[in-house]
Each structure stands twice: as C-alpha cells, then as structure tokens.
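The residues making up each chain are set out below.
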Amino acid sequence: MITINISSSNHSQIIDITHKVTKLIPKNFNGICHLFMQHTTCAITINENADEDVKHDILKMFDVIAPWNKDFFKHYEGNSAAHVKSSLLGFSQTIPIENGLLKLGTWQGIFFCEFDGPRTERQILVQFFTEQKI
Ligand code: ZN
C-alpha cells in the first residue's frame, strides 16, 4: 500500500494534493485510484482548483454549518465541529485513470481538508485498481 504523508499548518485548511497523487500513477495505467484516510477530523474532496477563493469559501461555509463551539457539543475532546465537517465531506475518493492520467475535469483538483490542525502526521492510503477490459 502506498501512503501520502501530509502536514497542515492551520487549524482549518484545504490543501491541493493532485500533484502528489499524479506522481504515483504507473505509466500508461488504466483503472481507478482509491484514496482513503484512517482519520476522523480531516477529509478528502474534489473541487475547483482555479480560484483560491473557493477553498476559503468552503471553509467559511463549514464554519457556519459546524461552528467551533465547545459548549454546543457533548464530545469531551471539544473537536466535534471537525468530526462533523469530516463526515460531511468523507474520508475517501475514487478517481478514474486513463493512459496514466487522472480523468479529472478541467477545473477539478483533489484536496485534503484539515479541520483540526495543525497536524504533522496525516496520511492518505493510495491504491490503484486495474481496469478489467470487457
Ligand atoms: Zn474528537
């Protein structure tokens, strides 16, 4: 199993990891790439990679949905907002690959989303599955 190591520098942060995934794809590979995280306060999503403001706006909206309010939640760690945001986005993504290239849309990138940082030891497990020709 291949692992991508990520560290975050802010409490909440969206980091483009498209290039890290692209580097791992075998030459001329056809199939799918599966990304999975064993964490509970960060997520993986796919969204626009052109305008940096999109990342800002996503984080801002998530703060409206799940504000960092320890008095509102019961969880003893005080980081329920991070758990909620992570579950809303999810801990995995699957992306098709054709001839060694991710089949992302023109404006799409793969993003690691930190909701309880900064952290130095975030890991994404990466697996490639070969396409079965029918
Ligand atoms: Zn917790």
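Rules used throughout
Residues numbered from 1 in each chain as written. Predicted model: local features only at pLDDT ≥ 70, side-chain atom pairs only at ≥ 80, totals over all residues. Heavy atoms only, no water. Donors = N, O, S within 2.8 Å, 3.2 Å for Na, K, Ca; no water. Buried < 20%, exposed > 50% of the residue type's maximum accessible area, 1.4 Å probe, protein only. Helix = DSSP H or I, 4+ residues; strand = E, 2+ residues; numbered from the N terminus. Contact = heavy atoms within 4.5 Å. Phe/Tyr/Trp six-rings, centres within 6.5 Å; stacked < 30°, edge-to-face > 60°. Expected span 1.5 Å × (residues − 1). Arc of directions from axis to C-beta.

Draft legend 1. How the structure looks around the coordination of the zinc ion. Every protein donor of the zinc ion is accounted for by His-75 (NE2), Glu-77 (OE), Asn-79 (OD1) and His-83 (NE2), and the metal-donor separations fall at 1.9 to 2.2 Å. Using a relative accessible area of 47% as the deciding quantity, one classes Glu-77 as partly exposed.

Draft legend 2. How the structure looks around the side chain of Ser-80. Tracing the backbone through its elements, the reader meets Ser-80 in helix 3 (residues 80-89). With residues near it in sequence (within four places) discarded, Ser-80 still touches Phe-73 and His-75.

Draft legend 3. How the structure looks around the packing of aromatic side chains. Taken as a whole, this structure holds 3 aromatic pairs when the rule is applied. Where Phe-62 meets Phe-115, the ring centres are 5.7 Å apart and the plane angle is 45 degrees; that geometry is what we call tilted. Taken together, the positions of Phe-62 in helix 2 (residues 53-65) and Phe-115 in the loop between strand 7 (108-114) and strand 8 (122-130) put the pair 53 residues apart, joining distant regions of the chain. With centroids separated by 5.0 Å and ring planes inclined at 90 degrees, the aromatic side chains of Phe-72 and Phe-73 adopt a geometry described as edge-to-face. Given a relative accessible area of 63%, Phe-72 falls into the exposed group. The class for Phe-73 is partly exposed, based on a relative accessible area of 23%.

Draft legend 4. Quick peek at helix 2. Over its 13 residues, helix 2 extends 18 Å from the first C-alpha to the last, a length consistent with the 18 Å expected when each residue adds 1.5 Å. For helix 2, the full list of buried residues reads Val-54, Lys-55, Ile-58, Leu-59 and Phe-62. Angularly, the buried residues of helix 2 cover 135 degrees about the axis, an arc narrow enough to put them on a single face. The outward face of helix 2, more than 90 degrees from its buried face, is lined by the exposed residues Lys-60 and Val-64. Of the surrounding secondary structure, the elements contacted by the buried residues of helix 2 are strand 2 (13-16), strand 4 (42-48), helix 3 and strand 7.

Nothing here speaks to function; it is geometry throughout.
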